[in-house]
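Observations on the model geometry
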Amino acid sequence: MASANTYPRVLFSLDSYYVSEELGFVLPKPLDKLPPYYQPWMDVAMHVPELVQSQELRSHVNKMALLSTEFLQKHRELRLAHLALSMMTMGYVWQEGENNTVNTLPSSLAVPYWEVSQRLGLPPILTHADAVLANWKKKDPNGPFTMENLDLLVSLPGGESVRGFFLVTLLVELAAVPALRNIPVVINGVRCCDTEAVARGLEIISQSIQDMTDTLKLMHVYVEPSVFYGIMRIYLSGWKDNPGMPNGLVYEGVQTEPMEYSGGSAAQSSLLHCFDELLGVNHEEKSRSFLTRMRNYMPPAHKKLIQDISSQPSLRSFVQQQASERLNQAFRLCVSKLLALRSYHINVVSRFITVPAAQARRLREQSQSAEGGVVSRAPTALEATGTGGSGIMTFLKTVRDHTKDTLLPETSKEVNHHS
Ligand code: HEM
């Protein structure tokens, strides 16, 4: 009979969660080609930015034949198909901006998109798992993971800033790999009551979260805020809680009722969900419900990992019980680094959304939008909300503040002194 004491015999590992030893949640070696039968998709998908620019994407998609998905077999083929169909769908829906959207996605796109999505357990909309995790190639296959040596497979309108946005996010995912690898170390350490192992694991996770923050800084180098806000952002947005598409989207040939899905966001990255569950961050109800919903936009194996981390014995209680100075410090450091990452992310969001949104509003009020450049072309409906439809800053600050609440009081020194 299993009991709490038999835990250590079955060590927790990342083996069954589609997590790569080297790349974490990033899909190793994504394919850049589908079987030749799917060339009609790739012909359109590889030219989404140009076809949107010339307002021809919808007519190209409308002319596309409805292809069978039966020749897609391997996981990587399905991922590339999902990525390509997602990019086409975002371009199709938003080609004309927020005022001339569509109610229906034609069956030539909707039916195969639905089937591929079902097989992958992903929703039929562009997700972080598509745009970031499965959307990269190395220019020199033997070269390093650097901005210079990386490229996207499929892109959206916004030129170099799109490349920067997705690839910097990819590098943030890669910076987190040591953290991810040490989650089992911490979990198994708690199960075996190995205070030193837990502390060591937490120290490595802390350093890795610091590296994520440092990598996030590259966003300022590679992404132009006015391009992000004025051009790119609409193509990442979805059809749930979006005033631009209040009724959702009908996937023709799938079902007659419209369906609603949130847009792509790194809130769909599994990383912070894993850290939150490991450290015992207890989010406020509304933000928790948004973040939990975002888990349905992740590959199912990654969602399962988050759930399995959450059902482990509590690390936070273990730290409290052990009253070890080193362990206490390591836990504190880890929560602080996560807090700092979230604070820095709030700065990024302010620079890429809040500031350009205020600028666009000002220009509109002064009726100068003609001279206002790209920011004033941004959809007004998205000003206050995130791509997932959340009231951005309130949400992000609530999430950060509840991370802070996870910190334990600095009592261990006293405990040690008294004992
Ligand atoms: C220009 C860059 C970025 C912008 C403008 C941005 C914007 C946003 C916005 C508006 C939200 C609110 C939720 C939503 O709308 O979906 C959000 C949430 C989130 N973003 Fe970003 N983001 C950026 C880059 C990143 C990167 C590189 C990561 C790292 C993986 C990241 C991680 C998260 C996480 C984890 C959340 C959920 C809230 C939390 O857990 O703290 N973001 N982001």
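All values reported here derive from a predicted model rather than from experimental measurement.

Procedures and definitions
- Residues numbered from 1 in each chain as written.
- Predicted model: local features only at pLDDT ≥ 70, side-chain atom pairs only at ≥ 80, totals over all residues.
- Helix = DSSP H or I, 4+ residues; strand = E, 2+ residues; numbered from the N terminus.
- Rg over C-alpha atoms; globule rule 2.2 N^0.38 Å.
- Buried ≥ 20, exposed ≤ 12 C-beta atoms within 10 Å, placed from the backbone.
- Contact = placed C-beta atoms within 7 Å.
- UniProt positions renumbered as here; feature names shortened; annotations may be inferred.
- Axes fitted to C-alpha atoms, helices over the stretch in contact; angles between N-to-C directions.
- Parallel < 35°, antiparallel > 145°, perpendicular 65-115°, else oblique.
- Nonpolar A, V, L, I, M, F, W, Y, C, P; charged D, E, K, R; others polar.
- Core = buried A, V, L, I, M, F, W, Y, C linked by C-beta atoms within 7 Å.
- Arc of directions from axis to C-beta.

1. Points about the overall build of the protein chain
Counting its regular elements, the protein chain contains 18 helices and 4 strands. Relative to a compact globule of 419 residues, whose C-alpha radius of gyration would be 22 Å, the protein chain shows 23 Å and is just as compact. Counting only C-alpha atoms and orienting by the principal axes, one finds that the protein chain spans roughly 75 × 55 × 45 Å. Per-residue burial for the protein chain yields a buried fraction of 44% across its 419 residues. Counting only contacts in the protein chain whose residues sit at least 6 apart along the sequence, the fraction spanning at least 24 positions is 80%.

2. With respect to the UniProt feature "binding site: heme b" (unreviewed entry) in the protein chain
The residues that UniProt annotates with the feature "binding site: heme b" (unreviewed entry) are His345. Positionally, His345 belongs in helix α16 (residues 325-365). For His345, a count of 20 C-beta atoms within 10 Å gives the class buried.

3. Quick word on the packing of helix α12 (residues 270-279) against helix α14 (residues 300-310)
The description of two helices packed together rests on the angle between their axes and the distance between the axes. α14 packs onto α12 with a crossing angle of 10° between their chain directions and a minimal axis gap of 8 Å. If you check the angle between α12 and α14, you find them roughly parallel. Contacts from Ser270, His273, Cys274, Glu277 and Leu278 in α12 reach His302, Leu305, Ile306, Ile309 and Ser310 in α14. Its residues placed into classes, the contact of α12 with α14 shows 5 nonpolar, 4 polar and 1 charged.

4. Structural notes on the nonpolar core
Counting residues in hydrophobic clusters, the biggest one holds 119 residues, and the most contacted among them are Ala84, Met87, Met88, Met232 and Cys274. Here the element with the most residues in this core is helix α4 (residues 75-94); it accounts for 12 residues. When residues no more than four places from it in sequence are discounted, the contact partners of Met88 are Val44, Ala45, Val48, Val61 and Leu109.

5. Observations concerning helix α15 (residues 315-322)
At 3.6 residues per turn, the α-helix brings residues three or four places apart onto the same side. The complete set of buried residues in α15 reads Leu315, Phe318 and Val319. When α15 is viewed along its axis, its buried side chains cluster within an angular range of 100° and face the same direction. Exposed and oriented more than 90 degrees from the buried face of α15 are Ser317 and Gln321. Residues of α15 that are buried sit in contact with α8 (177-191), α12 and α16. Following α15 by one or two positions, Ala323 adopts a phi angle in the positive range, close to 50°.

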